[in-house]
Amino acid sequence: MGIEEYGGGQGPQSDVLVVTTNDAPGYRVQEVIGEVFGLTVRSRHLGSQIGAGLKSMIGGELKGLTKTLVETRNQAMERLIEQARARGANGVLMFRFDVTEAAEVGTEVCAYGTAVVLVKD
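Residues numbered from 1 in each chain as written. Predicted model: local features only at pLDDT ≥ 70, side-chain atom pairs only at ≥ 80, totals over all residues. Heavy atoms only, no water.

Caption draft 1: Fine view of the nonpolar core. One finds Val18, Leu80, Ala84 and Val92 to be the most contacted residues of the largest nonpolar core, which totals 14 residues. Counting only elements with at least two residues in this core, the list comes to helix H2 (63-86), strand E3 (91-102) and strand E4 (106-120). Looking at which element gives the most residues to this core, the answer is H2, with five residues. Excluding its chain neighbours within four sequence positions, the residues that come into contact with Leu80 are Val18, Val36, Phe37, Gly38, Val92, Phe95, Ala111, Tyr112 and Gly113. Ranked by size, the runner-up nonpolar core spans five residues in total, among them Val19, Ala24, Leu93 and Leu118. (Core = buried A, V, L, I, M, F, W, Y, C linked by side-chain atoms within 4.5 Å. Buried < 20%, exposed > 50% of the residue type's maximum accessible area, 1.4 Å probe, protein only. Helix = DSSP H or I, 4+ residues; strand = E, 2+ residues; numbered from the N terminus. Contact = heavy atoms within 4.5 Å.)

Shown next, in the form of structure tokens:
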């Protein structure tokens, strides 16, 4: 797995700025639209569960599960951005992820933040 498969986040040309901070330097908040989120639940397939179980006995990174979680987080973030855009926002402040186990059959990932309209200072 190459480094590009381990990361995520926005591309440099996104029309919705997503930041983990309370504000975005160089911008001011013109309007607060409110909370937005993107949610996805991914099930684990049997092969990865068996592989993860075996790997956990000998140690080391569970690369298949890592890749699945990266893909899942990226999908949740894309959904967050779509919702923000649909509500007229061009920014999301206080961006966070919440990850929980869903009914012991999968992983729920929620990306959330505050949708805002930003203007350049």
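More follows now that the structure is in view.
Caption draft 2: Geometry of the sheet that holds strand E2 (residues 27-43). The strand order E1-E3-E4-E2 describes an open sheet built from four strands, whose pairing is mixed. Two strands bound the open sheet, and with one partner strand each, they are strand E1 (17-18) and E2. Against the sheet, H2 contacts E1, E2, E3 and E4, and its axis sits at roughly 140° relative to E2. (Pairing = 2+ DSSP bridges. Axes fitted to C-alpha atoms, helices over the stretch in contact; angles between N-to-C directions.)

Caption draft 3: Representation of the pattern of salt bridges within the structure. For the coordinates displayed, the defined rule picks out two salt bridges. Taking the shortest distance from any N to any O, the salt bridge between Asp15 and Arg85 comes out at 2.8 Å. In this pair, Asp15 sits in the segment before E1 while Arg85 sits in helix H2, placing the two residues 70 residues apart along the sequence. On the basis of relative accessibility, which here comes to 39%, the residue Arg85 falls in the partly exposed class. Glu71 is paired through a salt bridge with Arg42; the nearest N and O atoms lie 3.9 Å apart. Here Glu71 is found in helix H2, whereas its partner Arg42 is found in strand E2, with 29 residues between them in sequence. Residue class for Glu71 comes out partly exposed when judged on its relative accessible area of 36%. (Salt bridge = Lys/Arg side-chain N within 4 Å of Asp/Glu carboxyl O.)

Caption draft 4: Layout of the environment of Glu31. You can see Glu31 is positioned in strand E2. With relative accessibility at 43%, the residue Glu31 sits in the partly exposed group. Between the C-alpha atom of Glu31 and that of Leu118, which follows or precedes it by 87 residues, the distance is 7.3 Å. Setting aside residues up to four positions removed in sequence, Glu31 forms contacts with Val116 and Val117.

Caption draft 5: Fine view of a nonpolar patch on the surface. Residues Phe37, Leu39 and Tyr112 make up a contiguous nonpolar surface patch of roughly 250 Å² in combined accessible area. Tracing the backbone through its elements, the reader meets Leu39 in strand E2. Residue Leu39 is classed as partly exposed on the basis of its relative accessible area, which comes to 36%. (Patch = residues over 30% accessible without salt bridge, like charges linked within 9 Å, V, L, I, M, F, W, Y side chains within 5 Å. Areas by Shrake-Rupley, 256 points an atom, 1.4 Å probe, with all protein chains shown as cover.)

Caption draft 6: Structural view of the packing of aromatic side chains. Using the criterion set out here, one finds one aromatic pair in the structure. With 5.0 Å between their ring centres and 75° between their planes, Phe95 and Phe97 make a pair best called edge-to-face. Assessed through its relative accessible area of 8%, Phe95 is described here as buried. Judged by its relative accessible area of 27%, Phe97 is partly exposed. When the ring centre of Phe97 is taken as origin, the NZ or CZ atom of Arg73, which lies over that ring, is 4.5 Å away. (Phe/Tyr/Trp six-rings, centres within 6.5 Å; stacked < 30°, edge-to-face > 60°. Lys NZ or Arg CZ within 6 Å of the ring centre and 35° of its normal.)

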